[in-house]
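# Summary of the model geometry
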Amino acid sequence: MSKRPAKDGVGQLVLQIAFPEGRAKDRTGETEANGPGASGASSAARSEPERKRKWYSLMDKVYAHANLQTAWARVWANQGAAGSDGMSLKKFAANAEENLRQLAADLRQKTYRPQPVRRVYIPKSGGGQRPLGIPTVRDRIVQQALRQVLEPIFEGKFSKRSHGFRPERGCATALAVVDRAVGYGYQWVVDADIEAFFDSVGHEELLAALNEEIADGSVLKLVGRILRAGVIEPGAAEREPTELGTPQGGPLSPLLANIYLHAFDRQMEKAGYGLVRYADDFVLFARSESEAAAALELARAVLEGEWGLKLHPEKTRVVSVEAGFEFLGFHYFRDPKTGMQCKEVRRKSVQRFREAIRRLTPRLKTQRRVKAQHVTQERLAKNQRVEGVIRRVNLYLRGWHWYFKEARSRYVPAFGSFDGFVRRRIRQCIVGRVGSGWWNQRITNADLCHLGYVPLTELQGKYQQGLLAAPARKG
């Protein structure tokens with residue numbers, strides 16, 4: 001396997017909005033220095049002659065002991081539940097080296113067979129349930145090992161318009177491009193949603209897309225077996241076959257999604273439409289309503305006509321920037337009263353925030369109602385349960401704030417209403433009561449800060465002054 005191509009363009013944010021032909025002069029405003037956080041990893045594209053070369057003999061790179069060890073370290077760092085075989089991470093770790101040697105032997109001798117994923121369902125904020133597939137620990141390691149070998153190959157091919165689950169790219173770079181597009185003068189948006197994307201991926205089409213770069217039959221067969229491994233539904237004893245889709249939950253799934261949608265990225269780019277995509281979530285920018293309608297028509301033709309996907313009929317629309325659209329947790333719109341271009345936390349994200357805070361501030365079923373005279377700073381400071389609740393709330397708030405720190409609201413301060421909700425929940429958690437009452441006056445805002453609570457408005461103030469660093473990532 002040859003060395004990964006060197007990266008260029010580090011320290012530059014490329015405005016990934018393509019102008020139609022004939023607007024070449026406008027292209028000069030697309031690229032501006034914007035700091036290292038906007039590094040364009042995909043700018044390390046290989047030359048066209050080199051791209052035509054296929055990659056052979058990759059399987060030995062997959063089962064190489066060093067590669068499996070790195071894969072196991074990442075699987076361990078991500079933690080997670082046991083798969084369909086019941087093997088936990090701790091049980092695997094108890095004899096990890098021997099387990100990895102056996103896994104390498106199975107891959108080398110071509111006797112390895114992936115097990116069915118264990119299906120679990122998690123509630124959606126808007127109602128309904130989202131299916132996730134939990135592979136076994138062995139299968140997660142193999143998927144991660146595959147990803148480590150395949151990702152550098154496809155990174156040189158991927159479009160700059162793709163931001164999801166890629167090195168040095170993510171929500172921050174995608175949102176930065178959207179901010180630029182809105183500020184640059186695009187007035188119309190295709191706000192799109194691919195319906196049940198991960199359940200609709202065609203296996204043959206995906207393997208064909210892999211085969212454009214990969215000529216190692218062993219690797220292609222291994223990916224095919226992973227796709228067809230099947231699922232075990234909750235309460236079911238037997239495996240159900242998977243003839244379509246790639247399960248959400250495995251380490252390889254995000255890379256496969258980007259490979260599958262790469263042709264869509266290229267076709268929209270060649271047509272001259274402004275595209276920003278994060279996994280299966282994307283927006284298209286245009287300067288007029290008719291141009292946006294044409295972009296939607298092309299997107300539908302490519303996704304539905306060529307790739308067997310379907311745009312959600314209720315969640316896909318052409319809308320003006322002024323009227324508003326949503327992307328990656330934010331709601332963009334123009335305030336009709338002030339004319340201010342706003343970027344607020346969208347309603348579903350607010351709902352998720354409230355649900356998370358409720359989980360972190362529970363009222364115990366056996367909790368006795370506290371009397372007002374017993375609520376003092378001295379007593380609360382010694383209460384380990386209160387200290388633990390505030391510590392966990394602060395940890396969540398730091399991560400949440402760092403994501404939404406660029407929100408521009410009609411309301412000042414932008415995070416004041418969120419702080420009010422958190423304080424009410426902490427007070428109710430302390431006294432075991434809900435609604436209005438003496439505890440809302442007895443336990444003041446200053447008291448909560450004395451106990452260690454850090455408000456979002458304080459975090460935002462420190463961020464604006466350049467005094468706040470990004471929260472540390474786990475693993």
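Our subject is the structure listed above.
Residues numbered from 1 in each chain as written. Predicted model: local features only at pLDDT ≥ 70, side-chain atom pairs only at ≥ 80, totals over all residues. Heavy atoms only, no water.

### Some remarks on the overall build of the chain
For the chain, the helix and strand inventory stands at 19 helices and 12 strands. Taken over 475 residues, the chain has a buried fraction of 49%. Surface accessibility of the chain: about 23,600 Å² in total, with carbon and sulfur atoms responsible for 50%. (Helix = DSSP H or I, 4+ residues; strand = E, 2+ residues; numbered from the N terminus. Buried < 20%, exposed > 50% of the residue type's maximum accessible area, 1.4 Å probe, protein only. Areas by Shrake-Rupley, 256 points an atom, 1.4 Å probe, with all protein chains shown as cover.)

### As for the packing of aromatic side chains
The tally for this structure, following the rule as stated, stands at 23 aromatic pairs. Both rings, one in phenylalanine 353 and one in tryptophan 400, keep their centres 4.6 Å apart while their planes meet at 50°; by these two values the pair is tilted. Residue phenylalanine 353 is located in helix α13 (residues 347-360), and its partner tryptophan 400 is located in helix α15 (residues 384-404); the two are separated by 47 residues in the primary sequence. Accessibility assignment for this pair places phenylalanine 353 and tryptophan 400 in one class, buried. On the numbers, 4.7 Å between centres and 40° between planes, the contact of tryptophan 400 with phenylalanine 404 is tilted. Here the residue tryptophan 400 and the residue phenylalanine 404 both occupy positions in helix α15, the gap between them amounting to four residues, near one helical turn. Judged by relative accessible area, tryptophan 400 falls into the buried class, the value being 8%. Under the relative-accessibility criterion, phenylalanine 404 is labelled buried at 5%. The structure contains a cluster of three or more aromatic residues connected by ring pairs, namely Phe330, Phe353, Tyr396, Trp400, Tyr403, Phe404, Phe415 and Phe418. Positioned over the ring face of tyrosine 63 is arginine 108, at 6.0 Å from the centre of the ring. Sitting above the plane of the tyrosine 186 ring, arginine 287 keeps its charged end 4.5 Å from the centroid. (Phe/Tyr/Trp six-rings, centres within 6.5 Å; stacked < 30°, edge-to-face > 60°. Lys NZ or Arg CZ within 6 Å of the ring centre and 35° of its normal.)

### Details of the pairing of strand β8 (residues 281-286)
A regular strand carries its side chains on alternate faces of the sheet. Taking burial as the measure, the six residues of β8 include five buried ones, the bulk of the element. As paired elements, strand β5 (residues 188-193) and β8 share six bridges and run antiparallel to each other. What sits directly across from aspartate 193, in β8, is aspartate 281. Relative to β8, strand β7 (residues 274-278) runs antiparallel, the two sharing five bridges. Following the sheet pairing, glycine 274 is matched in β8 by phenylalanine 285. Joining the antiparallel neighbours β7 and β8 is a turn of two residues, in which alanine 279 adopts a positive phi near 55°. (Pairing = 2+ DSSP bridges.)

### Re the environment of glutamine 79
Summarising the element assignment, glutamine 79 is placed in the loop between α3 (65-78) and α4 (89-93). When its relative accessible area of 39% is taken as the criterion, glutamine 79 is described as partly exposed. In this structure, the C-alpha to C-alpha distance between glutamine 79 and lysine 90, residues 11 residues apart in sequence, is 9.6 Å.

### Quick word on the sheet that holds strand β6 (residues 231-232)
Reading across from one edge, β4-β3-β6 is the order of the three strands in this open sheet, with mixed pairing throughout. The open sheet terminates on both sides in strands that have one partner only, identified here as β4 (129-134) and β6. Bridge count for strand β3 (residues 117-123) against β4 is six bridges, and the pairing is antiparallel. Looking across to β4, one finds that tyrosine 121 is bridged to proline 131.

### As for a positive patch on the surface
Side chains of Lys110, Arg113, Lys221, Arg225 and Arg228 sit close together on the surface and give a patch of like positive charge. Note on placement: arginine 228 falls in the loop between α10 (217-227) and β6. Assessed through its relative accessible area of 40%, arginine 228 is described here as partly exposed. (Patch = residues over 30% accessible without salt bridge, like charges linked within 9 Å, V, L, I, M, F, W, Y side chains within 5 Å. Salt bridge = Lys/Arg side-chain N within 4 Å of Asp/Glu carboxyl O. Lys, Arg positive; Asp, Glu negative; His and termini not counted. Charge placed at Lys NZ, Arg CZ, Asp CG, Glu CD.)

### Concerning the nonpolar core
With 67 residues, the main nonpolar core has Ile141 and Leu146 as its most contacted residues. Ranked by the residues each element gives to this core, the list is headed by helix α6 (residues 137-155), at nine residues. Residue contacts for isoleucine 141: discarding those within four places in its chain leaves Leu68, Ala71, Trp72, Val75, Phe92, Leu100 and Leu103. Ranked by size, the runner-up nonpolar core spans 51 residues in total, among them Trp400, Ala407, Ile443 and Leu459. (Core = buried A, V, L, I, M, F, W, Y, C linked by side-chain atoms within 4.5 Å. Contact = heavy atoms within 4.5 Å.)

### Details of the packing of α3 against α6
At their nearest, the axes of α3 and α6 sit 8 Å apart, and the two run at 120° to each other. Where α3 crosses over α6, the handedness of that crossing is right-handed. Listed contacts from α6 to Asn67, Leu68, Thr70, Ala71, Trp72, Arg74 and Val75 of α3 are Val137, Arg140, Ile141, Gln144, Ala145, Gln148 and Val149. Taken together, the residues of the contact of α3 with α6 sort by class into eight nonpolar, four polar and two charged. (Axes fitted to C-alpha atoms, helices over the stretch in contact; angles between N-to-C directions. Left-handed = near helix turned anticlockwise from the far one by under 90°. Nonpolar A, V, L, I, M, F, W, Y, C, P; charged D, E, K, R; others polar.)

### Some remarks on α3
Between its first and last C-alpha, α3 extends 20 Å over 14 residues, near the 20 Å set by a 1.5 Å rise per residue. Regarding α3, the residues found buried are Asn67, Leu68, Ala71, Trp72 and Val75. Projection of α3 onto a plane perpendicular to its axis shows the buried side chains occupying an angular sector of 135°, all on one side. Glutamine 79 lies just past α3 and shows a positive phi near 55°. (Expected span 1.5 Å × (residues − 1). Arc of directions from axis to C-beta.)

### Observations concerning the pattern of salt bridges
For the structure on display, the rule yields 17 salt bridges. With a shortest N-O distance of 3.3 Å, glutamate 98 and arginine 101 are connected by a salt bridge. Highlighted residues: glutamate 98 and arginine 101, both in helix α5 (residues 96-108), separated by three residues, approximately one helical turn. Residue classification places arginine 101 among the partly exposed positions, given a relative accessible area of 45%.

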